[in-house]
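Listed here are the chains, written in short residue letters.
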Amino acid sequence: MRFSPKCFPHGKERRQQVALTNKGELIPCCWLDQKDKLKHPTMVELLKVSKIDEYEKIEDILQTKPWQEFAKNLAEQNMDKIMPVCKSHCKVREGKDRFKRETYIYKGVHKEILNKKLTKVTPLGDEEKEMQKFLGNEKYEKKTNS
């Protein structure tokens, strides 16, 4: 399995930000803020040192031993020590296993986008063109930009 932690920086940005529980605890991401996920032994250890009102800066929490160990396991891809929810959301998905699918119809062109990558452009059929004309969108452009 290819694995790419979303909570790690990619360039100057993170793909997934840390989150804050309703109890004021910092957690690696929002996908972990579920009752069953918070009971995982790794999360139990992180939560012991994650009360934001006990620190001056968020960086101080991130420097604690449990957070450093969590980050080390992700970086080294120690899969036996990584929580199942992390494996599920941060594995590299390909083909039909991808999470995000967006479909746009704009100016007579049907665009399907998976994880922000344009994958297919399909011009609308005759029936769809007629509907566009009926709606007052007579300028049908047959663009297939990708």
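Each value, and the rule that gives it
Residues numbered from 1 in each chain as written. Predicted model: local features only at pLDDT ≥ 70, side-chain atom pairs only at ≥ 80, totals over all residues. Heavy atoms only, no water. Axes fitted to C-alpha atoms, helices over the stretch in contact; angles between N-to-C directions. Helix = DSSP H or I, 4+ residues; strand = E, 2+ residues; numbered from the N terminus. Parallel < 35°, antiparallel > 145°, perpendicular 65-115°, else oblique. Contact = heavy atoms within 4.5 Å. Nonpolar A, V, L, I, M, F, W, Y, C, P; charged D, E, K, R; others polar. Core = buried A, V, L, I, M, F, W, Y, C linked by side-chain atoms within 4.5 Å. Buried < 20%, exposed > 50% of the residue type's maximum accessible area, 1.4 Å probe, protein only.

Novice: Provide a residue-level description of the packing of helix α2 (residues 41-48) against helix α4 (residues 65-75), including the pertinent values.
Specialist: One can describe the packing of α2 onto α4 by two numbers: an axis separation of 8 Å at closest approach and a directional angle of 140 degrees. The angle between α2 and α4 places the two elements in the oblique class. Touching Thr-42, Glu-45 and Leu-46 of α2 are Pro-66, Trp-67 and Phe-70, all from α4. Partitioning the contact of α2 with α4 into residue classes produces four nonpolar, one polar and one charged.

Novice: Run through the nonpolar core, naming residues and quoting values.
Specialist: In this structure, Ile-27, Leu-32, Met-43 and Met-83 are the most contacted members of the largest nonpolar core, which totals 21 residues. Only β4 (26-27), α2, α4 and α5 (84-90) provide two or more residues apiece to this core. Discounting residues that sit within four places of it in the chain, Met-83 has contacts with Leu-32, His-40, Thr-42, Met-43 and Phe-70.

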